[in-house]
Amino acid sequence: MDLCDLAVIKQLIHSHGFNFSKSMGQNFLIANWVPQRIVEESGITAANCVLEIGPGIGCLTQALSQAAGRVISIELDKRLLPILSETVGSLPNVKIISGDIMSVDLIQLKNNYFSGFEPVVCANLPYNITTPVLTKLVGSKIFSSITVMVQKEVAHRICAVPGSKEYGAFSIYSSFYTNPKLLFDVPPSCFEPRPKVTSSVISLTLKKSNNAVLNEKLFFQIVRSAFNQRRKTLLNSLFSAFSKSLSKAEIAEVLTESGISQSVRGEELSIQEFVKLANNFELQKRNKGKF
Ligand code: SAM
């Protein structure tokens, strides 16, 4: 059954009395080349167990099951379960789990289903939960690669370089734990119903090193404060965030020690510069008992 064929999809949803839910980000793929290319570019093999979020009627699930050792697909919309049972229910290496990815305990999921396989993620993500779901998946450090389709604008924010207008705290979060890469664009005409914007497929490959950060919590506190008020200089942003524990002169000193100009804005700093800065803040804290 070609699950990307619009006539097949229409027949399936008609016979099950299904209608699309906007609030669950339901835009189903109707172009066969897309799941094929996603699976191809993800590099998934029989050694992988794939976590899929939101199988819909199962078009990507079907393509994944041909390449992977096992596929675990989590679907929030219970109305899709009887359709999925008809479309992918007979595939021996696919398991459909009814649930919300945001409430799933990923460590428990890994222990229950991924043993003996290398865990990866592959999904056409519901656009309304893209950032929280990627934060959860990346932060878990469980998956060696995450290949997902997201809105083009989000893809560009994740893969942005310092100094660009898309560069922000989420670009740093993503590249702190992974190596993000833009793969290809998918036009609105490839979905039913058609979204208003173009989508992009990206991959996030887990980094093996830990970036040599002394205090991860402090690192992200500094990153967030640097991007909270983008128009402010880094010195002023840091002073707003840390004025209870450090004077402006002390913050200026840490910037100088880190080789960073006082007039720079946070959006110009690379991840390595943020690491250096956060480590010097941490040393200041340890030396002076500040914070
Ligand atoms: N994989 C299908 C495809 O490519 O055609 C459907 C993708 S559609 C963009 C997103 C899917 O995610 C829908 O099936 C939707 O019901 C499901 N979904 C939405 N929120 C979810 C959540 N919190 N947890 C799991 N699945 C969710």
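Each remark here, short or long, concerns the structure printed above.
Now for a quick tour of the structure.

Cut-off values and rules
Residue positions are given per chain, counted from 1 along the sequence in the order it is written. Reporting in this predicted model follows two pLDDT cut-offs: at least 70 for local features of residues, and 80 or more for side-chain atom pairs to be given and counted; totals over whole chains, interfaces and linings ignore these cut-offs and use all residues. Hydrogens and water molecules were not included; the side-chain quantities draw on all heavy atoms of the structure. For this analysis, a nonpolar core means a set of buried residues of the types Ala, Val, Leu, Ile, Met, Phe, Trp, Tyr and Cys, connected via side-chain atoms within 4.5 Å. Classification of residues uses two cut-offs on accessible area relative to the type maximum, computed with a 1.4 Å probe and protein chains only: under 20% is buried, over 50% is exposed, and between them is partly exposed. To qualify as a helix, a DSSP run of H or I must reach at least 4 residues; to qualify as a strand, a run of E must reach at least 2; elements of each kind are numbered from the N terminus. Throughout, the edges of the domains are those of an automatic or database domain assignment. By definition, residues are in contact when any of their heavy atoms lie within 4.5 Å. When DSSP finds at least two bridges between two strands, those strands are taken to pair. Angles here are taken between N-to-C directions and fall from 0 to 180 degrees, while the axes themselves are lines fitted to C-alpha atoms, restricted in helices to the stretch in contact. One heavy atom within 4 Å of a molecule or strand makes the whole residue count as near it. What qualifies as a polar contact is a pair of N or O atoms within 3.5 Å, subject to a donor-acceptor requirement within protein and to the restriction that residues adjacent in sequence count only when both atoms come from side chains. Here, Shrake-Rupley sampling with a 1.4 Å probe gives the accessible areas, and only protein chains in the shown set may cover a residue. By convention, orient the strands away from the viewer: a clockwise path from the first strand over the helix to the second makes the crossover right-handed. Salt bridge criterion: a side-chain nitrogen from Lys or Arg within 4 Å of a carboxyl oxygen from Asp or Glu. Each aromatic pair joins two rings of Phe, Tyr and Trp (for Trp, the six-membered one) with centres within 6.5 Å, and gets the label stacked for planes under 30 degrees apart, edge-to-face for over 60, and tilted for any other angle. In this scheme, the term charge over a ring applies when either NZ of a lysine or CZ of an arginine sits within 6 Å of the ring centre and within 35 degrees of the ring normal.

Okay, the nonpolar core next. Counting 61 residues, the largest nonpolar core has Leu-51, Leu-134, Leu-137, Phe-219, Leu-277 and Phe-281 as the members making the most contacts within it. In terms of residue count, the dominant contributor to this core is helix H9 (residues 216-228) (7 residues). When residues of this core are assigned to domains, at least three map to each of domain 1 (6-206) and domain 2 (216-288). With sequence-adjacent residues up to four places away left out, Leu-134 is seen in contact with Leu-125, Gly-139, Ile-146, Val-148, Val-150, Ile-158, Phe-170 and Leu-204.

Let us now look at the sheet that holds strand E7 (residues 178-186). Pairing is mixed across the open sheet formed by 7 strands, whose spatial order is E4-E3-E2-E5-E6-E9-E7. Each edge of the open sheet carries a strand with a single partner, namely strand E4 (94-98) and E7. On average, adjacent strands in this sheet sit at an angle of 20° to one another, irrespective of strand direction. Here strand E5 (residues 118-124) pairs with strand E6 (residues 145-151) via 5 bridges, running parallel. When the sheet's bridge partners are listed, Val-120 is paired in E6 with Ser-145.

Around the ligand, the structure places 23 residues, and the nearest of them are Leu-29, Gly-54, Glu-75, Asp-100 and Asn-124. Between the ligand and Leu-29, the relevant distance is 2.8 Å, taken from an oxygen atom to a main-chain nitrogen or oxygen of the residue. In this structure, Asp-100 approaches the ligand through a side-chain N or O atom, which is 2.8 Å from a nitrogen atom. Protein chains shield 98% of the accessible area of the ligand, which is 600 Å² for the free molecule. At the level of elements, strand E1 (28-29) and strand E3 (70-75) are the ones that each hand at least two residues to the shell around the ligand.

With that settled, the discussion passes to the pairing of E3. With 5 of 6 residues buried, E3 lies mostly within the body of the structure. Between strand E2 (residues 48-53) and its parallel partner E3, the chain crosses via helix H3 (residues 59-67), and the hand of that crossover is right-handed. Relative to E4, E3 runs parallel, the two sharing 5 bridges. Bridge pairing links Val-71 to Val-94 in E4.

Take the pattern of salt bridges next. Under the criterion given, the structure shown has 8 salt bridges. A salt bridge links Lys-152 to Asp-185; its shortest N-O distance comes to 3.2 Å. With Lys-152 in helix H7 (residues 152-158) and Asp-185 in strand E7, this pair connects stretches of sequence that are 33 residues apart. Across the pair Arg-286 and Glu-282 runs a salt bridge, and its minimum N-O distance is 2.8 Å. Placement of the pair is Arg-286 and Glu-282 together in helix H12 (residues 271-288), with a separation of 4 residues, close to one helical turn. Look at Glu-282 and you get buried, because its relative accessible area is 6%. Three or more residues joined by partner-sharing salt bridges are found here, namely Glu-282, Lys-285 and Arg-286.

Tallied over the entire structure, the rule returns 16 aromatic pairs. The interplanar angle of 85° and the centroid separation of 5.0 Å between the aromatic rings of Phe-176 and Tyr-177 together place this pair among those described as edge-to-face. Looking at Phe-176, the relative accessible area reads 2%, which means it is buried. With a centroid separation of 5.2 Å and an interplanar angle of 50°, the aromatic rings of Phe-242 and Phe-281 are classed as tilted. Note that Phe-242 is positioned in helix H10 (residues 234-242) and Phe-281 in helix H12, a separation of 39 residues in sequence. With respect to class, Phe-242 is no different from Phe-281; both count as buried. Its guanidinium or amino end placed over the ring of Phe-184, Arg-37 lies 4.1 Å from that ring's centre, counting from NZ or CZ.

Our focus in this paragraph is the environment of Ala-63. Looking at the element boundaries, Ala-63 is found in helix H3. Residue classification places Ala-63 among the buried positions, given a relative accessible area of 6%. Distance from Ala-63 to Pro-35, taken between C-alpha atoms, is 6.4 Å for residues 28 residues apart in sequence. The residues contacting Ala-63, other than those within four sequence positions of it, are Pro-35, Gln-36 and Val-39.

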